[in-house]
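Take a look at the letters that make up each chain.
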Amino acid sequence: MSGLDAIRAAAQAELARTPRARPWWVDALALAGTNLGVGLVLMVVLTPHLEQHASEAFRQLGTAGLLLVAGGGAFAAVRPGWRTVRWSMVALAAGSTLVVLAAASGVGPVGPLFGGAGCGVLEGLYSLIPVLVSTFVLSRFAPDLLRSVVAGLSAGAGGLVGLHLHCPNGTLAHLVAFHLVPWVVVSAGAVGLRRLVGSATWAP
């Protein structure tokens, strides 16, 4: 056997011992399913409230935007390339935020602002599993801030859908402080957690 044949045989043997890489879309489906699953379960389990919203059209538009961030953001965060689509998901998240604010009815229980802090706590709890799944999935890639931000927004969107449809407090201050700010906190937490976890590969 020539030297070249020996090198080829050694390379083929090494490839045979190395498992094939899992396709990116498998992880994307798992992440999207987790994010959307949280939102859909909350839609079924929690009691809906309409008084939070001044407009049914904005209510439905906000729901659609958040669900698209939850599902589409998972694919955008995981798929190789797609940097433009990731930025589009960030823009969609910002647009959905404006819709949620525009839908605010101003109707809410009388009491101190921080009496509604439970919504922020619940949103964090709802987002815990999606954040952990997104961290595991992104550990297959080299660290990338935009990818992590999109994954974080996607992971928190399902829990935000639950609050968007089922919270009885439609005051602007409550929505900002205990719905939207926790979404940003969840996303930032996902980015921070990703930075603490190693990468299986440094391939982009």
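Small disclaimer: the values here were computed from a predicted structure and weren't measured. (Residues numbered from 1 in each chain as written. Predicted model: local features only at pLDDT ≥ 70, side-chain atom pairs only at ≥ 80, totals over all residues. Heavy atoms only, no water.)

Draft legend 1. Quick look at the overall build of the protein chain. What the protein chain contains, in helices and strands, is seven helices and zero strands. Taken from N to C terminus, the helices and strands of the protein chain fall in the order α-α-α-α-α-α-α. The buried share of the protein chain, reckoned over its 204 residues, is 41%. Across the protein chain, the fraction of contacts at a sequence separation of at least 24, relative to all contacts at a separation of at least 6, is 87%. (Helix = DSSP H or I, 4+ residues; strand = E, 2+ residues; numbered from the N terminus. Buried < 20%, exposed > 50% of the residue type's maximum accessible area, 1.4 Å probe, protein only. Contact = heavy atoms within 4.5 Å.)

Draft legend 2. Local environment of the packing of aromatic side chains. As enumerated under the stated definition, the model contains two aromatic pairs in all. Taking 6.2 Å as the distance between ring centres and 90° as the angle between the ring planes, the aromatic pair formed by Trp24 and Phe75 counts as edge-to-face. Residue Trp24 is found in helix H2 (residues 24-45), and its partner Phe75 is found in helix H3 (residues 56-78); the two are separated by 51 residues along the sequence. Here the aromatic cluster, defined as three or more aromatic residues joined through ring pairs, consists of Trp24, Phe75 and Trp82. Against the face of Phe141 rests Arg147, its NZ or CZ located 4.5 Å from the ring centre. (Phe/Tyr/Trp six-rings, centres within 6.5 Å; stacked < 30°, edge-to-face > 60°. Lys NZ or Arg CZ within 6 Å of the ring centre and 35° of its normal.)

Draft legend 3. Region of the structure containing the nonpolar core. Counting 14 residues, the largest nonpolar core has Val78 and Val150 as the members making the most contacts within it. For this core, the secondary structure elements donating two or more residues are H2, H3, helix H5 (117-138) and helix H6 (145-166). Top element by residues in this core is H3. It accounts for four residues. Judged by nonpolar contacts, the second largest core, of 12 residues, contains Leu66, Leu153, Ala157 and Leu180. (Core = buried A, V, L, I, M, F, W, Y, C linked by side-chain atoms within 4.5 Å.)

Draft legend 4. Local environment of the environment of Thr171. Here Thr171 lies in the loop between H6 and helix H7 (172-196). A relative accessible area of 23% places Thr171 in the partly exposed class. Leave out the neighbours within four places in its chain, and Thr171 touches Gly106, Val107 and Gly108.

Draft legend 5. Representation of the packing of H3 against helix H4 (residues 83-102). Two elements in contact, H3 and H4, have axes whose closest approach is 9 Å; the angle formed by their N-to-C orientations is 160°. Put simply, H3 runs roughly antiparallel to H4. Handedness of the crossing formed by H3 with H4: left-handed. Note on element contacts: H4 touches H3 through Val85, Arg86, Met89, Leu92, Ala93, Ser96, Val99, Val100 and Ala102, opposite Phe58, Leu61, Gly62, Gly65, Leu66, Leu68, Val69, Gly72, Gly73, Ala76 and Ala77. Looking at the contact of H3 with H4 residue by residue, the class counts come to 14 nonpolar, five polar and one charged. (Axes fitted to C-alpha atoms, helices over the stretch in contact; angles between N-to-C directions. Parallel < 35°, antiparallel > 145°, perpendicular 65-115°, else oblique. Left-handed = near helix turned anticlockwise from the far one by under 90°. Nonpolar A, V, L, I, M, F, W, Y, C, P; charged D, E, K, R; others polar.)

Draft legend 6. Structural view of the confidence of the model for the protein chain. Taken residue by residue, the protein chain gives an average pLDDT of 89. The fraction at 70 or more is 88%. By mean pLDDT, the top-scoring element of the protein chain is H4 (97), and the lowest-scoring one is helix H1 (residues 3-17) (62). (pLDDT = per-residue confidence, 0-100.)

Draft legend 7. How the structure looks around unusual backbone geometry. Despite not being glycine, Trp82 has its phi angle at roughly 60°, a positive value. When you line up the elements, Trp82 lands in the loop between H3 and H4.

Draft legend 8. Structural view of a nonpolar patch on the surface. A contiguous nonpolar surface patch, about 320 Å² in accessible area, is contributed by Leu172, Val176, Val181 and Val185. Mapped onto the elements of the fold, Val176 is located in helix H7. Classification of Val176 by relative accessible area gives partly exposed; the value is 36%. (Patch = residues over 30% accessible without salt bridge, like charges linked within 9 Å, V, L, I, M, F, W, Y side chains within 5 Å. Areas by Shrake-Rupley, 256 points an atom, 1.4 Å probe, with all protein chains shown as cover. Salt bridge = Lys/Arg side-chain N within 4 Å of Asp/Glu carboxyl O.)

Draft legend 9. Representation of H4. The end-to-end C-alpha distance of H4 is 29 Å, a good match for the 28 Å that 20 residues give at a rise of 1.5 Å each. When we look at burial in H4, the residues that qualify are Arg86, Met89, Ala93, Ser96, Thr97, Val99 and Val100. Down the axis of H4, the sector holding all buried residues measures 165°, keeping them to one side. Away from the buried face of H4 by more than 90 degrees, exposed residues Thr84 and Leu98 are located. (Expected span 1.5 Å × (residues − 1). Arc of directions from axis to C-beta.)

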